[in-house]
Amino acid sequence: MGKKVNFHTLGCKLNFSESSTIARQFEQGGFERVSPTDAADICIINSCSVTEHADKKCRNIIRKLHRRNPDAIIAVTGCYAQLKPYEIAEIEGVDIVLSNNNKGETYQRVLELTKKGKTQVYSCETDQITTFFSAFSSGDRTRAFLKVQDGCDYCCSYCTIHNARGSSRNIPIAEVVSQAEAIVAGGQKEIVITGVNTGDFGRTTGESFADLLRALDKVEGVERYRISSIEPNLLTDEIIDICARSSKFQHHFHIPIQCGSNKILALMRRRYTVEKFADRIAAVKRAMPDAFIGIDVITGFPGETDADFASSRDFLESIEPAFLHIFPFSERANTPAVELPNKVQSSVSTARVKELEELSNRLHYQFCSKALGSVASVLFESTERGGFMTGFTGNYIKIKVPYNRKYINQIVDVKLLSIESNCDVIGQIIEVE
């Protein structure tokens, strides 16, 4: 019987695409991939370090895996492994720690281990992170996450990503197109374009993100693209126009603002103002009035007063996004924000999170309600819950219909009938005669 391997992926869509690619390498090598809760001979953890909570979650997973299966080889890679490799190496049960520069070698390095023993550590400094691990996910039947860019040169004052991922870099457009074609061959209909700073694509190849979008738009067989996240200062009129004109690029944008106060944005070392952000949102809505716009927000950044927060909240309400992704500030070692005065109490930050969550729920409900009565194309997924299946419209409204296997991984027209309190929309499939 072949050896079994399982995967535990924390954090972003980029990690998900990388874990999926490593998993394919193990499967091609004769390993059986099992679920994260099943016993395995090898356990791979792809870690995140965006917050202290992410670090803690990784440590807890390691300990749980070792208790459950003490003979299993445990390998840890990802951003936490890059930033604190020796801290991880000291945790009982860990056999190998691989930096982000060595992540693509995970299969090879783990295979070289014949048994548990002294922990091996592959580490490097930030300026040595120069490799690009090409990756795309294939675990989801309906959509794939395609990595086109890695690293970030922005060095925001609160963020460890530059330290963990290195400088901005990318693969050539031709290679991205080839991977998109491989995804199509696997039967997936939707591709999510992802990276650390996705809109910065082209830094190492002299190409541009707009060039990439135009090339991907020509790939036959792809029915839908989504851009996972793009910085507001990189969301140009050209990119907006490409998405508006294309039948493949969905009217769905994830744009981080982090705070709606120019004072705090300056302390965060963000590369735009509130006014610039509002201009970009308005440009999207002019070109695509039905666009779903999700926005990242941090509460409790050092120096954020009640007045700053109120100003930020009022600004967010005024631009009417479809959803807010809200995070309390988490202080990270070796970032400039550590040295900033006027820390905000965690209880205050948490209360602000709750206030913004209430705003987000209201805005999301309003956005979805506007679509009631219309007909939308929906890509349905395979999961069945309570006799229903779900899928998403092009502009990311979640639709529920009675479960029917024949609609899995199919794009069909649906009449949007009613909305539930959690913003799921009940639909009725329009049967084609």
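This text goes with the structure placed above it.
A short tour of the structure in this document, coming up. Given the structure is predicted, the values throughout are model-derived calculations rather than measurements.

To continue, consider the packing of aromatic side chains. In the structure shown here, the tally under the stated rule is 13 aromatic pairs. Ring centres 4.9 Å apart and planes at 85° place the aromatic pair F26 and Y107 in the edge-to-face group. With F26 in helix α1 (residues 13-28) and Y107 in helix α5 (residues 106-111), the pair connects residues that are 81 residues apart, well separated along the chain. Take F26 and Y107: they sit in the same class, and that class is buried. Ring plane angle 40° and centroid distance 6.1 Å describe the contact between Y272 and F277, whose orientation is recorded as tilted. Grouping aromatic residues by their ring pairs yields a cluster made of F7, F26, F31 and Y107. Looking at K147, its charged tip hangs above the ring of F132, at a distance of 4.7 Å from the centre. One Lys or Arg, R271, reaches over the ring of Y154 and ends 3.9 Å from the middle of that ring.

This structure, assessed with the given rule, holds one cavity of 30 Å³ or more. In this structure, the largest cavity encloses a volume near 50 Å³. Lining the largest cavity we find E18, N100, K103, T131, F133, K147, D150, R165 and R169. In the lining of the largest cavity, the residues fall into one nonpolar, two polar and six charged.

Together, R63, K64, R67 and R68 make up a region of like positive charge exposed at the surface. Examined against the element boundaries, R63 turns out to sit in helix α2 (residues 52-68).

Here the focus is the layout of surface pockets. By volume, the second largest pocket is sized at about 490 Å³. Of all elements in the fold, only α13 (346-369) and β15 (375-380) reach the threshold of two or more residues within the lining of the second largest pocket. In terms of residue count, α13 provides more of the lining of the second largest pocket than any other element does, three residues in total. Broken down by class, the residue content of the lining of the second largest pocket amounts to 12 nonpolar, 10 polar and six charged.

Extensive coverage of strand β7 (residues 143-147) is indicated by the burial of five of its five residues. Taken together, the five bridges between β7 and strand β10 (residues 190-194) define a ladder with parallel strand orientation. In the sheet register, L146 faces β10, and the bridge partner there is I193.

Spatially, six strands are ordered β2-β1-β3-β4-β5-β6 in an open sheet, and the strand pairing comes out parallel. Strands with a single pairing partner mark the edges of an open sheet, and in this sheet they are β2 (32-33) and β6 (120-122). Strand contacts of α1: β1 (4-9), β2 and β3 (42-47), with the helix running at about 175° to β1, the strand carrying the most contacts.

For the rest of this paragraph, the subject is the packing of helix α12 (residues 306-319) against α13. Closest axis-to-axis distance for the α12/α13 pair is 11 Å, and the angle between their directions is 10°. Relative to α13, α12 is oriented roughly parallel. Along the contact surface, α12 presents D306, F309, R313, L316 and E317, while α13 presents R352, E355, L356, L359, R362 and L363. Its residues placed into classes, the contact of α12 with α13 shows five nonpolar, no polar and six charged.

Bringing the nonpolar core into the picture now. Ranked by size, the top nonpolar core spans 68 residues in total, and within it F209, L213, L216, Y225, F277 and I295 carry the most contacts. Here F209 is in contact with I193, T198, G199, F201, I227, I230 and I239, once residues within four sequence places are set aside.

Now for helix α7 (residues 173-185). In this model α7 runs 19 Å from its N-terminal to its C-terminal C-alpha over 13 residues, within 8% of the 18 Å that 1.5 Å per residue would give. Listed in full, the buried residues belonging to α7 are I173, V176, V177, Q179, A180 and I183. Angular distribution of buried residues about the axis of α7 spans 160°; they occupy a single face of the element. The outward face of α7, more than 90 degrees from its buried face, is lined by the exposed residues A174 and A185. The secondary structure elements touched by the buried residues of α7 are β7, β10, α8 (209-217) and β11 (224-227). The positive-phi residue at the C-terminal boundary of α7 is G187, with phi of around 95°.

Each value, and the rule that gives it
Residues numbered from 1 in each chain as written. Predicted model: local features only at pLDDT ≥ 70, side-chain atom pairs only at ≥ 80, totals over all residues. Heavy atoms only, no water. Phe/Tyr/Trp six-rings, centres within 6.5 Å; stacked < 30°, edge-to-face > 60°. Helix = DSSP H or I, 4+ residues; strand = E, 2+ residues; numbered from the N terminus. Buried < 20%, exposed > 50% of the residue type's maximum accessible area, 1.4 Å probe, protein only. Lys NZ or Arg CZ within 6 Å of the ring centre and 35° of its normal. 1 Å grid on protein atoms, 1.4 Å probe; cavity = no way out; pocket = protein on both sides within 12 Å on 5 of 7 lines; lining within 4 Å. Points joined across faces, edges and corners; volume = space filled by probe spheres on them. Nonpolar A, V, L, I, M, F, W, Y, C, P; charged D, E, K, R; others polar. Patch = residues over 30% accessible without salt bridge, like charges linked within 9 Å, V, L, I, M, F, W, Y side chains within 5 Å. Areas by Shrake-Rupley, 256 points an atom, 1.4 Å probe, with all protein chains shown as cover. Salt bridge = Lys/Arg side-chain N within 4 Å of Asp/Glu carboxyl O. Lys, Arg positive; Asp, Glu negative; His and termini not counted. Charge placed at Lys NZ, Arg CZ, Asp CG, Glu CD. Pairing = 2+ DSSP bridges. Contact = heavy atoms within 4.5 Å. Axes fitted to C-alpha atoms, helices over the stretch in contact; angles between N-to-C directions. Parallel < 35°, antiparallel > 145°, perpendicular 65-115°, else oblique. Core = buried A, V, L, I, M, F, W, Y, C linked by side-chain atoms within 4.5 Å. Expected span 1.5 Å × (residues − 1). Arc of directions from axis to C-beta.

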